[in-house]
Structures are given as structure tokens and as C-alpha cells.
Amino acid sequence: MLFIPIIAMFLKASTEPPARFWAIATSDIALATYNVTFVTAIFAALLNGVFGTLIAWVLVRYDFPFKRLIDATVDLPFALPTSVAGLTLATVYSDNGWLGSLLAPLGIKVAFTRTGVAVAMIFISLPFIVRTVQPVLQEMEREIEEASWCLGASQWQTFWKVILPPLFPTILTGVALGFSRAVGEYGSTVIISSNTPYQDLIAPVLIFQRLEQYDYSGATVIGIVLLSISLVLLLAINFLQAWARRYDTR
């Protein structure tokens, strides 16, 4: 189920001569979509890495009204169809929307811009970080923190030297999952962006446009580049995870 489609994609792309393959993969519009897709996805994943960890921390360590409701709401992007998510975000962040109308007087435009793409990626990838970090936080022993405080460490020192090292590989796992989800997102981003080349056009939309033009090999070439870049970035994140897990062997 995993390797046969990948092999078929490579076989389809191999029908293009090397010079043609390189020309499609490095065309100006393709390079622009790589920039929008990967840079925005990395930004969304890193931002969610910080705030997703913070949300997981609050849900695990604190009790407050409507906690169960808020905890369940975190999973909303999992259940919500991506097209519905895109339509909702576009409505809320448009110039006449609830939030867009507040940002418009400040000169901030979200819907139908690259910022809107970032908002969509953040929305759909946040649960991956929260749900990855949350169970690890629940299993962490509070006695270790208390021992650190008894030895004179401040709360910041305890978090930085006691809590974060074993938690860091888990955060990286959540960031990797969120990044992968953001890179492959189509339904919400295609609605909240204007799909203008060189501005907010993402690679998945470019692939779909090539398919509509019956340029199957060209779409496959873009897909292979997307797959290769994603694989390299995920391998780099896995390397960082292995490096961070050295803490567990001490």
C-alpha cells in the first residue's frame, strides 16, 4: 500500500527525459510553490511546537472550568472536513469576517494571502503536537520536579534541565507529524488562499492544476520533488530525535 504507489509515481516521472524533468522541477513557478509550501509548513510546525506544548501542559497540569470541552475541541481539526475548515477560516478571516474585520483597519489581510495559508496549516496541524505531547506529560513523575525544587532549582531551571530533555524528542515527533500534515494539506488551503502564482500558490494546488491540464508526467515530477524534500526534512528531524534521546541512555 505504501511502496507500490511511490514506485508507480517514479516510473511515470521517468518517462520524461532528464533535461525535461529538471526543467519542470526547477521552473520558476515550481520553485515559488516549494517556497510557499515548505517555508510556511515549517513555520506552522515550529509555532505549533511551542503553543501545542503549552496547551498540552495546561490541559495536563491544571484544572479549570470547561476543561473537558476544551480538551475535546483540540480534536476538531481531525473530525472537520478540510474543505469545511477552509471555508470557515476564509469566512472568519475575510475583511468582513469576525476576526478579519478587526485586522483590516490595521492593514493586516489574512484571507486569500500567504498568511491565510499559514493559518490553515496551523489549524489542521495543531492537534498532532498536542496529542503527541499530552500522554508523555501525563506519565512524567512529579516527584522528580519536587526533588529538583528541594535541591534549590528554580521553576525555570527545573523545566529547562529536568522536564524538557526527556520531553524534547516527543515534541520533535509532534512537529514532524504536524509538518507532514501541513505539507500535504489541500482542502483548506485551496479555499483560504487566492492560489495566485508566486504569491500564495502551494505545490499540491500546482499538481492539481497540472492534472487538470492532462500534464500527468509534469504533475508527477512536482510530486516527486515534494516527496523528496519532505523525506529529507523528516530524516533530519529523526536525526534530531535520535540525538535528543541520548538523555534517556544516561
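So, how was this worked out
- Residue positions are counted from 1 within each chain, in the order its sequence is given.
- Side-chain atom pairs in this predicted model are given and counted only at pLDDT of 80 or more, local residue features only at pLDDT of at least 70, and totals for whole chains, interfaces and linings cover all residues.
- Calculated side-chain values reflect all of the structure's heavy atoms, with hydrogen atoms and water omitted.
- UniProt positions are given in the numbering used here, feature names are shortened, and annotations may be inferred rather than shown by experiment.
- Every helix listed is a DSSP run of H or I at least four residues long, and every strand listed is a run of E at least two residues long, numbered separately from the N terminus.
- Only the stretch in contact is used when fitting a helix axis, every axis being a line fitted to C-alpha atoms; angles between N-to-C directions are given from 0 to 180 degrees.
- Note on angle classes: values under 35 degrees are labelled roughly parallel, values over 145 roughly antiparallel, values of 65 to 115 roughly perpendicular, and the remainder oblique.
- Crossings are sorted by hand: turned counterclockwise from the far helix by less than a right angle, the near helix makes the crossing left-handed, and turned clockwise it makes it right-handed.
- Nonpolar residues are Ala, Val, Leu, Ile, Met, Phe, Trp, Tyr, Cys and Pro. Charged residues are Asp, Glu, Lys and Arg, and all others, Gly as well, are polar.
- The criterion for an aromatic pair is that two Phe, Tyr or Trp rings (for Trp, the six-membered ring) have centres within 6.5 Å, with stacked assigned to planes under 30 degrees apart, edge-to-face to planes over 60 apart and tilted to the rest.
- Residue burial is assigned from relative accessible area. The probe radius is 1.4 Å, only protein chains are included, and a residue is buried under 20% of its type maximum, exposed over 50%, and partly exposed in between.
- Over a ring means this: the NZ of a Lys or the CZ of an Arg is within 6 Å of the ring centre and within 35 degrees of the ring normal.
- Grouping buried Ala, Val, Leu, Ile, Met, Phe, Trp, Tyr and Cys residues that are joined through side-chain atoms within 4.5 Å yields what is termed a nonpolar core.
- Two residues qualify as a contact provided that any one of their heavy atoms is within 4.5 Å of a heavy atom in the partner residue.

Some thoughts on the UniProt feature "transmembrane region" (unreviewed entry) in the protein chain
At step 1: The sites that UniProt annotates as "transmembrane region" (unreviewed entry) are residues 39-60, 72-94, 106-130, 159-179 and 216-240.
At step 2: Across residues 39-60 one finds 100% helix and 0% strand; the C-alpha atoms that close the span lie 31 Å apart.
At step 3: Annotated as residues 72-94, this span is 78% helix and 0% strand, and its ends, taken at the C-alpha atoms, are 27 Å apart.

Describing the packing of helix α3 (residues 28-61) against helix α8 (residues 114-139)
The packing of two helices is summarised by the inter-axis angle and the distance between the axes.
At step 1: With their axes 6 Å apart at the nearest point, α3 and α8 run at an angle of 40° to one another. When the interaxial angle is binned, α3 and α8 end up oblique. Here α3 runs over α8; the crossing is right-handed.
At step 2: Grouping the amino acids of the contact of α3 with α8 by side-chain chemistry returns 20 nonpolar, 10 polar and 2 charged.

Concerning the packing of aromatic side chains
At step 1: One pass over the structure, following the stated rule, counts 4 aromatic pairs.
At step 2: Taking the centre distance of 6.4 Å and the plane angle of 35° together, the rings of Phe-38 and Phe-179 count as tilted. Linking Phe-38 in helix α3 with Phe-179 in helix α10 (residues 155-183), this pair joins segments that are 141 residues apart in sequence.
At step 3: A relative accessible area of 6% places Phe-38 in the buried class.
At step 4: Residue Phe-179 is classed as buried on the basis of its relative accessible area, which comes to 4%.
At step 5: When the ring of Phe-78 is compared with that of Phe-128, the centres are 5.1 Å apart and the planes differ by 90°; the resulting orientation is edge-to-face. In this pair, Phe-78 is assigned in helix α5 (residues 76-79) and Phe-128 in helix α8, connecting sequence segments 50 residues apart.
At step 6: Residue classification places Phe-78 among the partly exposed residues on the basis of a relative accessible area of 44%.
At step 7: When the ring centre of Trp-57 is taken as reference, the NZ or CZ atom of Arg-61 above it lies at 4.4 Å.

Regarding the nonpolar core
Taken as a class, soluble globular proteins show a tendency for nonpolar side chains to be buried jointly.
At step 1: In this structure, Tyr-34, Val-133, Leu-137, Leu-167 and Ile-222 are the most contacted members of the largest nonpolar core, which totals 41 residues.
At step 2: The set of elements that each furnish at least two residues to this core consists of α2 (18-25), α3, α8, α10, α12 (203-212) and α13 (216-244).
At step 3: By residue number, the principal contributor to this core is α3, which donates 10 residues.
At step 4: Those residues within four positions of Tyr-34 in sequence are excluded, and the remaining contacts are Ala-25, Val-39, Ile-222 and Val-225.
At step 5: Leu-89, Ala-90, Val-110 and Ala-111 belong to the second-largest nonpolar core, a separate cluster that totals 9 residues.

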